[in-house]
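An overview of the molecular structure
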Amino acid sequence: MFTRRAYLIEPGKLEVRETELRMQPNELLLEVLACGLCTWELNHYQGRIGEAPMSLGHEFVGRVVDKGGHVAGFEIGDVVTGLPGALDGFSDYMTVAASNCEKVAPGIKPEHALGEPLKCVVTVLRGAAPEAGDYGVVIGAGPMGLWAIQALAGNSLSALIAVDVDEEKLKLAANYGATHTVNPAAGNAIEAIRAITRGHMADFVIEGTGNTKVINDGIAMLKAGRGRLVLMSSYKSAADNLDVVGMVERSVEIRVPHPGYSLSEQDDLRRAVQLLNKGVFRLEGIVSHQYSLNQIQQAFEALEKRPAGYLKGVVIPKL
Ligand SMILES: [Zn+2]
């Protein structure tokens, strides 16, 4: 069968083309209901990763319309999300290994069921390894930071502190369970953490801004002795003047829980979709922009330029 699919034909330029699909015996054929726009794919869009022409889109949600002969556990009509085999989610239809999929509970809108980024959040949370009574800090209240806050809110922390320069994002963080919010534009964030934690400082800090300069603030927010510095972001360049002195003073543990850190991405996906299905992860207030497949160029321009109020965009092919 044929499907429409978005292709990057040169850096900064996308086009919707027709392509043929073939389903393997271990695969599901999905009608794509939604696919999230991810800042990581700006690397492709801006010409740093891969070679055009290439398809994009890895945060898919789809309805099963056919299944290969070796597939068990899925039925036609199931709504699933999961880990892509290829970047091809910006399409009307796609195929994917059934072993990389999890079922979405009825009642959750497809555009709010993006399993792949939630899987990444689960890997981050497992890296942060929160313990009862910890002081936890999340720097950067973008989608990933907010999802981390939603999940950490149920973890019996002494305080869950969100740090961001955007007051609107801090309001969302507080709504999702942050016990304190700190705006570094309004005052010294490290001193604010000292006051909130009564001098103990943070047991773990999740850095999610992608700004390498912020890593030193994260180090300074940690307690002395095995405080966990959790690097959630993708960084575009090396960090200048990394505070190795502060790292030694505090015996910091640095954890980089990106996909390669996960012992099993399928298992982290399973955990993520369980938490989505039971209402721990809530995307409705975080998905801010929707685009049809025909608006794919506009969608990537918004991802790059971040218009006011932009948090997370999704493509709904037939919007
Ligand atoms: Zn992603």
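What you see is a predicted model; the values in this text were computed from it and never measured.

Quick word on the coordination of the zinc ion
Looking at the zinc ion, one finds its protein donor set to be C38 (SG), H58 (NE2) and E59 (OE), positioned 2.2 to 2.5 Å from the metal centre. Spacing between the donor residues of the zinc ion along their common chain follows C-x19-H-E. One end of the pair, C38, is in the loop between β3 (27-36) and α1 (42-45); the other, H58, is in the loop between β4 (54-55) and β5 (59-67), with 20 residues separating them in the sequence. The pair C38 / H58 is uniform in exposure class, with both members buried.

Considerations on the sheet that holds strand β13 (residues 228-231)
Spatially, β11-β10-β9-β12-β13-β14 is the arrangement adopted by the 6 strands of the open sheet, whose pairing is parallel. In this open sheet, the two strands that pair with only one neighbour each are β11 (180-182) and β14 (253-255). Put simply, the sheet's adjacent strands are angled 20 degrees from each other on average, direction ignored. When strand β10 (residues 159-163) meets β11, the two strands line up parallel, connected through 3 bridges. Paired with I161 across the strands is H180, a residue of β11.

Section: the packing of helix α2 (residues 115-128) against helix α3 (residues 143-152)
Closest axis-to-axis distance for the α2/α3 pair is 10 Å, and the angle between their directions is 60 degrees. Compared by their axis directions, α2 and α3 come out oblique. Crossing angle aside, the handedness with which α2 passes α3 is right-handed. Only M144, W147, A148, A151 and L152 of α3 make contact with α2, whose side of the interface consists of P117, L118, C120, V121 and L125.

Structural notes on the sheet that holds strand β2 (residues 13-20)
The strands that make up a sheet are held in pairs by hydrogen bonds between backbone atoms, and each pair lies either parallel or antiparallel. Ordered in space as β2-β1-β4, the 3 strands form an open sheet in which the pairing is antiparallel. Of all the strands in the sheet, just β2 and β4 have a single pairing partner and so form its edges. Both strand β1 (residues 2-10) and β4 contribute to a ladder of 2 bridges, which runs antiparallel. What sits directly across from Y7, in β4, is S55. Against the sheet, helix α9 (residues 296-305) makes contact with β1 and β2, and its axis sits at roughly 135 degrees relative to β2, the strand it touches most.

Here we look at helix α4 (residues 167-175)
The N-terminus of α4 is capped by D166, whose side-chain oxygen sits 2.8 Å from the backbone nitrogen of E168. Positive backbone phi, at 120 degrees, marks G177, one or two positions downstream of α4.

So, the domain arrangement of the chain
For the chain, the domain assignment lists domain 1 (2-114 + 283-315) and domain 2 (118-261). Between domain 1 and domain 2, the C-alpha centre-to-centre distance is 29 Å. Domain 1 puts 8 residues into the contact, and the matching count from domain 2 is 12 residues. Summed over both partners, the interface of domain 1 with domain 2 comes to about 870 Å²; 74% of that surface belongs to carbon and sulfur atoms. Looking at the side of domain 1 facing domain 2, the largest losses of area belong to L283, I286 and L311, adding up to 55% of the total buried there. Inspection of the domain 1/domain 2 interface yields 0 salt bridges. Counting the contacts that link domain 1 with domain 2 gives 0 residue pairs in polar contact (both at pLDDT 80 or more). Classifying every residue of the side of domain 1 that touches domain 2 by side-chain character gives 5 nonpolar, 1 polar and 2 charged.

Description of the layout of surface pockets
Once rolled over the atoms, a probe with the size of a water molecule shows which space is left empty. What the second largest pocket holds in volume is close to 180 Å³. Within the residue set of the lining of the second largest pocket, elements represented by two or more residues are α2, α3 and α8 (265-277). Per-class residue counts for the lining of the second largest pocket are 6 nonpolar, 1 polar and 2 charged.

How each quantity is defined
- Residues numbered from 1 in each chain as written.
- Predicted model: local features only at pLDDT ≥ 70, side-chain atom pairs only at ≥ 80, totals over all residues.
- Heavy atoms only, no water.
- Donors = N, O, S within 2.8 Å, 3.2 Å for Na, K, Ca; no water.
- Helix = DSSP H or I, 4+ residues; strand = E, 2+ residues; numbered from the N terminus.
- Buried < 20%, exposed > 50% of the residue type's maximum accessible area, 1.4 Å probe, protein only.
- Pairing = 2+ DSSP bridges.
- Axes fitted to C-alpha atoms, helices over the stretch in contact; angles between N-to-C directions.
- Parallel < 35°, antiparallel > 145°, perpendicular 65-115°, else oblique.
- Left-handed = near helix turned anticlockwise from the far one by under 90°.
- Contact = heavy atoms within 4.5 Å.
- Polar contact = N/O pair within 3.5 Å; in protein donor to acceptor, adjacent residues only side chain to side chain.
- Domains from an automatic or database assignment.
- Buried area = accessible area lost by both parts, 1.4 Å probe.
- Salt bridge = Lys/Arg side-chain N within 4 Å of Asp/Glu carboxyl O.
- Nonpolar A, V, L, I, M, F, W, Y, C, P; charged D, E, K, R; others polar.
- 1 Å grid on protein atoms, 1.4 Å probe; cavity = no way out; pocket = protein on both sides within 12 Å on 5 of 7 lines; lining within 4 Å.
- Points joined across faces, edges and corners; volume = space filled by probe spheres on them.

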